[in-house]
Amino acid sequence: MTPKDLAGKTALITGGSRGIGRAIALRLARHGANVAINYFSRDADAVDTQREVQREGVPCVLVKGDVSEPASVDSVVARTCEALGPVDLLVANAGISILESHKEISWTTWKKTLSINLDSVFLSIMAVKDGMLERKYGRIVCISSVAALRPRQRQIHYAASKGAIVSMVRCCAEAFAPHVRVNCIAPGLIETEMGAGLGPEATKSIVENTPLNRLGQPEEIANVAYFLLSDQSSFMTGQTLAVSGGRIMLP
Ligand code: NDP
């Protein structure tokens, strides 16, 4: 039986309606957390995930909003607090991936990627950290990528956004210690809609160069997110864990 070790805690997951965020929402619900699911536009996916989370017997609210916009993030956090109480667990997961080579990349793509992948992490952390510090309790997990740590084709902008998250996590961890812990996950290629966007050829090549010889599943990232949000990682802060089937070891 799954321990209800997060009972009474409120978790906010940005981009929690699909893919990795959805798996994390379900995993935290299984451990008893109240869950707020943020998403941007796809209502049907969000409602479906909400239903699944509620099946775990915990309250779950949808907090739609663009997390790259300051006012919208404030509203997402305020609606979460109103419905479920202050945020104890933040998962900064929302993100996009637009594949463009150095020949194709536009200023618009750069700005959009940095805004949704990086500004969103900054804004959501800033919106919850004062409450966490006051209550002397908080756990934050940010979702980066192996692209932050290794060169990847057509991902100059994406890698920059994900690399900055790794640095931000270290600084926040130092600033918010000792009561608020901040950690990061750098997933390899995971079987989600975003992952599928890479296309069959690139995917085949990644799998061939992954020691565990397969794609990752969203639930395998959720396992690590739960670990980092729970007391099982009580002596860890400021860390980035690569969850990539060993691909991070290879060039
Ligand atoms: P998906 O594309 O499957 O899901 C993205 C989620 O983010 C959706 O819930 C989407 O909402 C939400 N979202 C997108 N933009 C915004 C926004 N501006 N405001 C609020 N929510 C938004 O992505 P994954 O699950 O694959 O990826 C999740 C995270 O993991 C991302 O940060 C990604 O960069 C990272 N990652 C993924 C990898 C992979 O292979 N899949 C590998 C490494 C890292 P809606 O549906 O409403 O648009």
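Look up: the structure comes first, before these words.
Below you will find a few notes about this structure. (Residues numbered from 1 in each chain as written. Predicted model: local features only at pLDDT ≥ 70, side-chain atom pairs only at ≥ 80, totals over all residues. Heavy atoms only, no water.)

### Considerations on the overall build of the protein chain
The line we're drawing: Strands here are runs of E lasting at least two residues and helices are runs of H or I lasting at least four, both read from the DSSP assignment and numbered beginning at the N terminus. With C-alpha atoms as the basis for the radius of gyration, the globule rule is written as 2.2 Å multiplied by the number of residues raised to the power 0.38. Only protein chains enter the calculation, and the probe is 1.4 Å; a residue is then buried if its accessible area is under 20% of its type maximum, exposed if over 50%, and partly exposed in between. Here a residue-residue contact requires only that any non-hydrogen atoms of the pair lie within 4.5 Å. Working definition of accessibility: Shrake-Rupley area with a 1.4 Å probe, residue cover restricted to the visible protein chains.
Of regular secondary structure, the protein chain possesses eight helices and seven strands. For the protein chain, whose C-alpha radius of gyration is 17 Å, the value lies close to the compact-globule estimate of 18 Å for 251 residues. With respect to the three principal axes, the spread of C-alpha positions in the protein chain is 45 × 40 × 40 Å. Counting over 251 residues, the protein chain shows a buried share of 53%. When contacts within the protein chain are restricted to residue pairs at least 6 apart in sequence, long-range pairs at least 24 apart make up 74% of them. Summing over all exposed atoms, the protein chain offers an accessible surface of approximately 11600 Å²; the carbon and sulfur share of this is 55%.

### Regarding the sheet that holds strand E2 (residues 34-39)
The test is simple: At least two bridges found by DSSP between two strands are what make those strands a pair. Here, axes are lines fitted to C-alpha atoms. For helices the fit covers the stretch in contact, and angles between N-to-C directions go from 0 to 180 degrees.
What the seven strands build is an open sheet, ordered E3-E2-E1-E4-E5-E6-E7; its pairing is parallel. Lying at the two open borders of the sheet, with one neighbouring strand each, are strand E3 (60-64) and strand E7 (240-243). Averaged over neighbouring strand pairs, the angle between their axes works out to 15° when direction is ignored. With five bridges joining them, E2 and E3 adopt parallel strand pairing. Counterpart to Asn38 in the pairing with E3 is Val63. Of the strands in this sheet, strand E5 (138-143), strand E6 (180-187) and E7 touch helix H5 (residues 156-176), which is tilted by about 160° from E6. Seen against the sheet, helix H8 (residues 218-229) touches strand E4 (89-92), E5, E6 and E7 and runs at an angle of roughly 165° to E6.

### Quick notes on the packing of helix H4 (residues 107-135) against H5
Threshold: Working definition: roughly parallel below 35 degrees, roughly antiparallel above 145 degrees, roughly perpendicular at 65 to 115 degrees, and oblique for all remaining angles. Working rule for handedness: look at the near helix, and if it is turned counterclockwise from the far one by less than a right angle, call the crossing left-handed; if clockwise, right-handed. Under the scheme applied, nonpolar residues are Ala, Val, Leu, Ile, Met, Phe, Trp, Tyr, Cys and Pro; charged residues are Asp, Glu, Lys and Arg; polar residues are all the others, including Gly.
Contact geometry of H4 with H5 gives a least axis separation of 8 Å together with a crossing angle of 15°. Taken together, the axes of H4 and H5 lie roughly parallel to each other. Note on packing geometry: the crossing formed by H4 with H5 is right-handed. On the side of H4, the interface is formed by Thr109, Trp110, Thr113, Leu114, Asn117, Leu118, Val121, Phe122, Ile125, Lys129 and Leu133, while H5 contributes Ile156, His157, Tyr158, Ala160, Ser161, Lys162, Ala164, Ile165, Met168, Cys172 and Phe176. Residue composition of the contact of H4 with H5, grouped by class: 15 nonpolar, five polar and two charged.

### Here's the deal with the site of the ligand
Note the cut-off: Whether a residue is near a molecule or strand is decided by its heavy atoms; if any one of them lies within 4 Å of it, the residue is near. Identification of polar contacts relies on pairs of N or O atoms within 3.5 Å, with a donor-acceptor requirement for protein atoms, meaning one able to donate a hydrogen and the other able to accept it, and with residues adjacent in sequence counted only if both atoms are side-chain atoms.
In the vicinity of the ligand, 29 residues are found, and the nearest of them are Arg18, Ser41, Asn93, Tyr158 and Thr192. Between the ligand and Asn93 there is a distance of 2.7 Å, counted from an oxygen atom to a backbone nitrogen or oxygen. Between Lys162 and the ligand, the recorded distance is 2.8 Å, taken from a side-chain N or O atom to an oxygen atom. For the ligand, the accessible surface in isolation is 900 Å², of which the surrounding protein chains cover 95%. Here the shell around the ligand is built from residues that sort into 12 nonpolar, 13 polar and four charged.

### Focus on the pairing of E2
Every other side chain in a regular strand lies on the same face of the sheet, so the side chains alternate between the two faces. Note the cut-off: Classification remark: right-handed applies to a crossover when, strands pointing away from the viewer, the course from the first strand over the helix to the second runs clockwise.
In terms of burial, E2 is a largely internal element, six of the six residues being buried. Burial along E2 is two-sided: Asn34, Ala36 and Asn38 facing one way and Val35, Ile37 and Tyr39 facing the other are all buried. Each parallel crossover has a hand, and for strand E1 (residues 10-13) linked through helix H1 (residues 19-30) to E2 it is right-handed. On the question of chirality, the crossover connecting E2 to the parallel E3 by way of helix H2 (residues 43-54) is right-handed.

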